[in-house]
Amino acid sequence: MFVQQVIQGLAIGSVYGLMALGYALMWQAWAVLDFARGEAAMIGAFSILVFHSFFKIPFVAAFPLAIATSAILGYVIQWLAYRPLIGGIPINRLIATLGMGILLRNLARVIYGADPYPFPTVFGDKPVSIGNVLVVPQNVWITAIGFALVVLLRLFLTRTYTGKAMRAAAQDRETAALMGIRVKQSMALTFVLATCLGAIAGLLVAPVYFVRADMGLSIGLRGFASAVLGGLDSVTGAMIGGLLLGVTENLAAGYISSGYQAAIAFSIMILILIFRPQGIMGRRL
Amino acid sequence: MKNLYRKYRTVALLLLAYAVPVLTRDPYVLHLANMACIFAILTLSLNILTGFTGQFSVGHAAFYGIGAYTSSLLAVKAGAPVWLGFLAAPVVAAVFGILLGLPTLRLRGFYLGVVTLGFGEIMYQVFVNWISLTNGPKGLTGVPAPRIGSIVLDTYGSYYFLSITLLVLTIVVAYRLLYSRVGRALLAIRENETAAEAMGINSTYYKVMAFCVSAALAGMAGALYAHEIMFVSPESFVNAESVSILSMMVVGGIGSIPGSVVGAITLTLVPEYLRSFGDLRLVVYGLAIVLMVIYSPQGIGGWITRVDQYLSGTAIRKPVRGGVERGAA
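The model shown is predicted, which means the values in this text are computed figures rather than measured ones. In this numbering scheme, every chain counts its residues from 1 along its sequence in written order. For this description, chains carry letters from A and ligands carry numbers from 1, given in the order in which they are written. Predicted model: local features are reported for residues with pLDDT of at least 70 only, side-chain atom pairs are reported and counted for 80 or more only, and whole-chain, interface and lining totals are derived from all residues. No hydrogens and no water enter the side-chain calculation; it runs on all heavy atoms of the structure.

A. Region of interest: the packing of helix α1 (residues 2-30) of chain A against helix α9 (residues 215-230) of chain A. Residues and elements named next belong to chain A. Fitting a line to C-alpha atoms yields each axis, with helices limited to the stretch in contact; the angle taken between N-to-C directions then spans 0 to 180 degrees. Starting at the N terminus, helices and strands are each numbered in turn, a helix being any DSSP run of H or I of at least four residues and a strand any DSSP run of E of at least two. As a packed pair, α1 and α9 sit with axes 7 Å apart at the nearest point and diverge in direction by 70 degrees. With respect to their mutual orientation, α1 and α9 come out roughly perpendicular. Listed contacts from α9 to V15, Y16, M19, A20 and Y23 of α1 are I219, G220, L221, R222, G223, F224, S226 and A227. The class makeup of the residues in the contact of α1 with α9 is nine nonpolar, three polar and one charged. Our angle categories are set so that under 35 degrees counts as roughly parallel, over 145 as roughly antiparallel, 65 to 115 as roughly perpendicular, and the remainder as oblique. We call two residues contacting when some pair of their heavy atoms lies within 4.5 Å. Only Asp, Glu, Lys and Arg are considered charged in this grouping, and only Ala, Val, Leu, Ile, Met, Phe, Trp, Tyr, Cys and Pro are considered nonpolar; every other residue, Gly among them, is considered polar.

B. Expanded view of helix α12 (residues 239-252) of chain B. Expected helix span is computed as 1.5 Å times (number of residues minus one). Its 14 residues place the ends of α12(B) 20 Å apart at the C-alpha level, agreeing with the 20 Å of an ideal helix rising 1.5 Å per residue. Positive backbone phi, at 120 degrees, marks B:G253, one or two positions downstream of α12(B).

C. Local environment of helix α8 (residues 183-209) of chain A. Residue and element names in this part refer to chain A. Counted at 1.5 Å a residue, the expected span for α8 with its 27 residues is 39 Å, and the 37 Å between its end C-alpha atoms agrees. A simple rule labels every residue: compare its accessible area, found with a 1.4 Å probe on the protein chains alone, to the largest value its type can have, and call it buried under 20%, exposed over 50%, or partly exposed in between. By the criterion of burial, α8 is predominantly enclosed, with 21 of the 27 residues buried. Backbone geometry just downstream of α8 places F210 in the positive-phi region, at approximately 70 degrees.

D. Just the interface of chain A and chain B, in detail. Taken residue by residue, the interface counts 44 residues in chain A and 40 residues in chain B. Summed over both partners, buried area is the accessible surface (1.4 Å probe) that two parts give up on being assembled. Of the roughly 3800 Å² buried where chain A meets chain B, counting both sides, 81% is carbon and sulfur surface. Polar contact is defined as a pair of N or O atoms within 3.5 Å, subject to the rule that within protein one atom must be able to donate a hydrogen and the other to accept it, and that residues adjacent in sequence are counted only when both atoms are side-chain atoms. Counting across the chain A and chain B interface gives zero residue pairs in polar contact (both at pLDDT 80 or more). Elements with a contribution of two residues or more to the side of chain A that touches chain B: α3 (59-82), α4 (90-112), α9 and α11 (261-275) of chain A. Taken together, the residues of the side of chain A that touches chain B break down into 35 nonpolar, eight polar and one charged.

E. Molecular detail of the pattern of salt bridges. All names here are of chain A. The working definition used for a salt bridge is a side-chain nitrogen of Lys or Arg within 4 Å of a carboxyl oxygen of Asp or Glu. Counting across every chain of the model gives seven salt bridges over all chains. A salt bridge links R37 to D34; its shortest N-O distance comes to 3.0 Å. Relative accessible area serves as the criterion here: at 2%, R37 is assigned to the buried category. Classification of D34 by relative accessible area gives buried; the value is 0%. The salt bridge partner of R222 is E249, with a shortest N-O separation of 2.7 Å. With R222 in helix α9 and E249 in helix α10 (residues 235-255), the pair connects residues that are 27 residues apart, well separated along the chain. On the basis of relative accessibility, which here comes to 14%, the residue R222 falls in the buried class. Under the relative-accessibility criterion, E249 is labelled buried at 3%.

From the geometry alone we can't say anything about function, so treat these as descriptive.
Okay, structure coming up:
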């Protein structure tokens, strides 16, 4: 029971981690807590739904198509609502993201309706028993993809020129601009990257939680909590925060009550914020 | 003309506000008028916290819900008189406000926003899951209407007089607070907390106090809501409700008292008239917030101030450029 809950928690936790990475990137580059971040997951999930379930394109081809669609939408979104507010009052930026979230969520509802769409499992949902523990292959895949993406993201941010430019622009906009980095482009790229991570998170959970217009709310909130838990300025921290939240939530559901699942997760988050506001991996504030 | 306007603008507005049940008998419109009052109180309460003090809250619906449940539980389960509920709701909400305000000792800016968001989510789950107390998702029915002497305020029209009176009271409290020593301290904290402390302002005290006042007013709005609808269920206090209160504040103008009221009225009424658009109305809602914050960050309150200054002849020809970057990340 315990091991099983932990494995399940790790799977959903790595999805939260991917969302948290998006929050951390947005916090670094745009200095905003992006309340429309969850909508990236919704966009990703609906993109894969359209390509895979409606157009019958095989998953291997539909996956990159869905990511590309999300990336393009992400670029348009930041151009419409985020870029005009660079350099303004922080609270205005934050409220713009809130408005964008409402806009996207309800646009999806207008287009696709409020009912959830089932999504066929790609990685298999038949449990396989290893020893006396039942493991769902899907969960293993989700966890593996989550971990692989974190490693890739770290490499991208530390080893490539584009990644370094993004970090420089996040650290000090003006100095980065003086060094010849195209700051606005770099910020846009960060936004697109965050959207892609969110989209991947969304299409990973699509078989488990179905595809719904308002799916971004709950997954976004949890990703947000994970990012805060791990520390908003650390890539590794965001992932650890996600895993921690996922495991805690599942253990709480298994041992205490599934109704209070989210309440317990958020209580832990608040306690961490009070006693260690910079998060587990974050630097001192 | 200008003197006349300056002298009678308040009285005229008050008369107009109190005349609503005389001007229309349509219960649907009167119900909307009540809801507009309730949301105006909520928006003002959030504005005291966010607009005046610069403390961000994305979980304001929690205080609203605490107030609503306190007052209706007292009436339904304990059989207490309704007015006791109206007194208890702000008190209980204020206690939670202080509890939530205490983390501000350590947290600044958006981190506080995160805590309030989590708090809102926790309270919602408590409302849903504590079935023995709150009756869970099914909600509490039979919340009684208040009575004054032998008059029972059980119609939307008669209830409106209570709603508008409480709203006027809230507006007075907000103005008295803003233009007092306390209000100036709150503004100083918003603009620059470190500088405020250097000037001898006990920022912890004032921040917790802002939380307390804000929560109490939201709790009162909750009681007002519960006895108007005569039914409470957790769905009225979801996170989306906190977001609408926040949107009302933004559309009205952050830190503007008349803006809060007009913003709340606008965003309560406009979606109702857009009902024929179905879900599209919420798309418009989101779009309005984005456009407003990009093109008119001062909100409706900014327009009102300009019109008011023009009419009363106090307009400054050249606007003073202030624009201090506040609440640094």
